[in-house]
Amino acid sequence: MELAYFNGWVGSLEEARVSVNDRGYNFGDGVYEVVRAYNGVMFALEEHLARLALSAAAVEIDLPWAPARLKNIIVETLGESGIKDALIYIQVTRGTAPRGHVPEEEMRPNLLVTVRNMPDIPPSLYSEGVKAITMPEFRWQMCSVKSISLQASVLAKRRAERAGAAEAFFVLPDGTVTEGASSNIFIVGDGALITHPADNRVLAGVIRHFVLKVAGTLGVKAMEEPFNISDLMKAEEVFITGTVAEIVPVVNVDGKIIGGGRPGPLTARIHKGFASLHK
Ligand code: PDD
């Protein structure tokens, strides 16, 4: 059964309640993680929790739970749900207090964990690939923080959907392509992988990390370097990475065909290598 944990309370998602004074609700003042479970086992939970701690520290939210306690809460909630193939959402907001920009000093953060059934992913996503659009970067300068303030991403995703695309790629004024609204981007040039460095412009994606590792294992050259829109357009292959759909080929950007319009062989090789990590 799909389940919610909120500050010790456990029950259905429909019954879970949060105060209108939650700072997440009023200010988007919180951080989050999305973790995928395969056959009852969460993939890379340690990495997700490490990133949650970095996000919280970056926005000056003191996590009151010892790492082992936090892990336990999440593992127990997943276990209690009985769901094997799950998406786990973990959200920490700064706390609950009457609305005011400056937070009170001694606030107790609110912890929400939800466990849902993993949505079906159509196989055509991988066999056919997806389209993407580009748009000027209009988010903030702390994209390495997995903040729940996602309004820019929501607008970008909607713009993509209206253009018949699955993802929006952000482009800096100098033409550098950073990441997708909810994914990291890899391009293939001369048989090597290139992805934007893990700086303040992108989220250091967990799947991104494992793709770089898999590339090393397979003897595929991989570089964390900025690339621009013309590198993207003439790439041999392009793919996006993220927890939910793992690795998805991109075959069209702004209406221009990438790599012959079909998912590329290196993308498939990397995805196969990645899939072996959670089998
Ligand atoms: N999004 N970049 C952004 C902006 C993201 O929102 C995400 C993930 C990623 C990929 O990160 P990871 O490989 O750790 O999932 C990159 C999540 C899944 C979401 O918002 O639902």
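How each quantity is defined
- Residues numbered from 1 in each chain as written.
- Predicted model: local features only at pLDDT ≥ 70, side-chain atom pairs only at ≥ 80, totals over all residues.
- Heavy atoms only, no water.
- Patch = residues over 30% accessible without salt bridge, like charges linked within 9 Å, V, L, I, M, F, W, Y side chains within 5 Å.
- Areas by Shrake-Rupley, 256 points an atom, 1.4 Å probe, with all protein chains shown as cover.
- Salt bridge = Lys/Arg side-chain N within 4 Å of Asp/Glu carboxyl O.
- Lys, Arg positive; Asp, Glu negative; His and termini not counted.
- Charge placed at Lys NZ, Arg CZ, Asp CG, Glu CD.
- Helix = DSSP H or I, 4+ residues; strand = E, 2+ residues; numbered from the N terminus.
- Expected span 1.5 Å × (residues − 1).
- Buried < 20%, exposed > 50% of the residue type's maximum accessible area, 1.4 Å probe, protein only.
- Arc of directions from axis to C-beta.
- Near = heavy atom within 4 Å.
- Polar contact = N/O pair within 3.5 Å; in protein donor to acceptor, adjacent residues only side chain to side chain.
- Nonpolar A, V, L, I, M, F, W, Y, C, P; charged D, E, K, R; others polar.
- Domains from an automatic or database assignment.

Focus: a negative patch on the surface
On the surface, Glu60, Asp62, Glu105 and Glu106 cluster together into a patch of negative charge. Checked against the element boundaries, Glu106 lands in the loop between β5 (86–93) and β6 (110–117).

Here's the deal with helix α3 (residues 67–81)
Each α-helix turn comprises 3.6 residues. Residues three or four places apart therefore point the same way. Here α3 contains 15 residues, and its C-alpha end-to-end distance of 22 Å stays within 8% of the 21 Å for a straight helix at 1.5 Å per residue. By the burial criterion, the buried members of α3 are Leu70, Ile73, Ile74, Thr77, Leu78 and Ser81. The arc that holds the buried residues of α3, viewed along the axis, is 125°, so those residues lie on one side. Those residues of α3 that are exposed and aimed more than 90 degrees away from the buried face are Ala68, Gly79 and Glu80. At the C-terminal side of α3, Gly82 shows a positive phi close to 75°.

What about the site of the ligand?
Around the ligand sit 18 residues in total, of which Tyr32, Arg51, Glu179, Val206 and Thr243 are the nearest. Taking Tyr32, its side chain carries an N or O atom lying 2.6 Å from an oxygen atom of the ligand. Between Glu179 and the ligand, the recorded distance is 2.7 Å, taken from a side-chain N or O atom to a nitrogen atom. Protein contacts shield 87% of the accessible area of the ligand, which totals 480 Å² for the unbound molecule. When contributions to the shell around the ligand are tallied by element, the ones reaching two or more residues are β3 (30–38), β9 (176–180), α6 (206–218) and β14 (237–242). A per-class count over the shell around the ligand returns six nonpolar, eight polar and four charged. A domain-level breakdown of the shell around the ligand finds at least three residues from each of domain 1 (3–117) and domain 2 (124–278).

Remarks on the pattern of salt bridges
Applying the stated rule across the entire model yields 11 salt bridges. For Glu46, the salt bridge identified is with Lys71, shortest N-O distance 2.7 Å. Pair noted here: Glu46 is in helix α2 (residues 45–58) and Lys71 is in helix α3, with a separation of 25 residues, a long-range link. A relative accessible area of 32% places Lys71 in the partly exposed class. Taking the shortest distance from any N to any O, the salt bridge between Lys157 and Glu167 comes out at 3.1 Å. Residue Lys157 is located in helix α5 (residues 151–162), and its partner Glu167 is located in strand β8 (residues 167–171); the two are separated by 10 residues in the primary sequence. Within this structure, Arg23, Asp29 and Arg94 form a network of salt bridges that share partners.

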